Amino acid sequence: MGLLTEKPPAWLHWIFRAPIVLYRVGLGRLLGHRLVYIVHIGRTTGRRRETVLETIRYDPATPEAIVVSGRGPASDWYRNLEATPAAEIRTGAQHWLRPAHRVLDVEETIRLLTGYRDAHPRLWARLSPLIGAPRELDEQTWHDLAGRLRAVAFTPPNPPA
């Protein structure tokens, strides 16, 4: 089973984009840390782009918000981040301009996904087929899945040295 390689249909695309309106009018904090609003720059157009993704894990102590690209490296937002770091992140009441980010390695991604599966089994059952995860996952299948996906951790910008 592979990743979701095609973009969602237009009607679903608009449903996914609905939370952006809340962030634009300053009400994104109502969504808590369950979602992350990302402002990124188009890699070919240079234009401002906005994406809202589900937070797979949020650590308030760091703080750190981690998201996963369900389309792996083919997601536009991910490809844009490869070209230019994010301009802005919002999650809950947090608002970071020019946040730092890192791509998790395969082992970190496996721990992230298994933690998400254990914490949210019903959501995992519904969403896992979209990212190409079979019902039964052995060690090799987890490794293959984590290698195809891209997990990105965002933190506030690093203080100047």
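Remember, it's a predicted structure, so these values are computed and weren't measured experimentally.

Draft legend 1. How the structure looks around the nonpolar core. Judged by nonpolar contacts, the single largest core of 18 residues is most densely connected at V68, L112, L113, W124, W142 and L145. Contributing elements (two or more residues each) for this core: β4 (64–69), α3 (106–119), α5 (139–148) and β8 (150–155). The element that contributes the greatest number of residues to this core is α3, accounting for four residues. When sequence neighbours within four positions are dropped, the list of residues in contact with L113 reads V68, W124, W142, L145 and L149. With 14 residues, the next largest nonpolar core counts I38, V67, A86 and F154 among its residues.

Draft legend 2. Fine view of α3. Under the 1.5 Å per step criterion, the end-to-end length of α3 is 20 Å for 14 residues, consistent within 8% with the ideal 20 Å. Those residues of α3 lying buried are T109, I110, L112, L113, T114 and Y116. Structurally, α3 contributes buried residues whose contacts are with β2 (48–54), β3 (57–59), β4, α4 (121–127), α5 and β8. The residue sitting at the N-terminus of α3 and contributing the capping side-chain oxygen is D105; that oxygen lies 3.2 Å from the backbone nitrogen of E107.

Draft legend 3. Structural context of the side chain of T51. Considering the arrangement of structural elements, one finds T51 in strand β2. For T51, a relative accessible area of 15% puts it in the buried group. Within the structure, the side chain of T51 is placed 2.7 Å from the side chain of H40, a separation counted as a polar contact. Other than its neighbours up to four places away in sequence, T51 contacts I20, V36, Y37, I38, H40 and W77.

Draft legend 4. Highlighting the packing of α3 against α5. Where α3 contacts α5, the two axes come as close as 9 Å, and the packing angle between them is 105°. The orientation of α3 relative to α5 falls into the category roughly perpendicular. Counting all contacts with α3, which are made through V106, E107, T109, I110, L113, T114 and R117, the residues of α5 involved are W142, H143, L145, A146 and G147. Grouping the amino acids of the contact of α3 with α5 by side-chain chemistry returns six nonpolar, four polar and two charged.

Draft legend 5. Examining the pairing of β8 more closely. Across the six residues of β8, five count as buried, placing the element largely inside the fold. In this structure, β4 lies alongside β8, joined through five bridges in antiparallel fashion. Across the sheet, A65 pairs through a bridge with F154, a residue of β8. Note: strand β7 (residues 100–103) against β8, four bridges, orientation antiparallel. Paired with V103 across the strands is V152, a residue of β8.

Draft legend 6. Quick peek at the pattern of salt bridges. This model, assessed by the stated rule, comprises eight salt bridges. Between R117 and D118 there is a salt bridge, with the nearest N and O atoms lying 3.0 Å from each other. Residue classification places R117 among the partly exposed positions, given a relative accessible area of 28%. What emerges from the salt-bridge pattern is a single network uniting R24, R48 and E50.

Draft legend 7. Examining the sheet that holds strand β5 (residues 88–91) more closely. The antiparallel open sheet is built from four strands, whose spatial order is β2-β1-β5-β6. Looking along the sheet, the strands with just one partner apiece sit at the ends: β2 and β6 (94–97). Put simply, the sheet's adjacent strands are angled 15° from each other on average, direction ignored. Pairing of strand β1 (residues 35–41) with β5, which is carried by three bridges, proceeds in the antiparallel orientation. From the neighbouring strand, V39 faces β5, where its bridge partner is E88. Against the sheet, helix α2 (residues 76–83) touches β1 and β2, its axis set at about 55° to β1.

Rules used throughout
Residues numbered from 1 in each chain as written. Predicted model: local features only at pLDDT ≥ 70, side-chain atom pairs only at ≥ 80, totals over all residues. Heavy atoms only, no water. Core = buried A, V, L, I, M, F, W, Y, C linked by side-chain atoms within 4.5 Å. Buried < 20%, exposed > 50% of the residue type's maximum accessible area, 1.4 Å probe, protein only. Helix = DSSP H or I, 4+ residues; strand = E, 2+ residues; numbered from the N terminus. Contact = heavy atoms within 4.5 Å. Expected span 1.5 Å × (residues − 1). Polar contact = N/O pair within 3.5 Å; in protein donor to acceptor, adjacent residues only side chain to side chain. Axes fitted to C-alpha atoms, helices over the stretch in contact; angles between N-to-C directions. Parallel < 35°, antiparallel > 145°, perpendicular 65-115°, else oblique. Nonpolar A, V, L, I, M, F, W, Y, C, P; charged D, E, K, R; others polar. Pairing = 2+ DSSP bridges. Salt bridge = Lys/Arg side-chain N within 4 Å of Asp/Glu carboxyl O.

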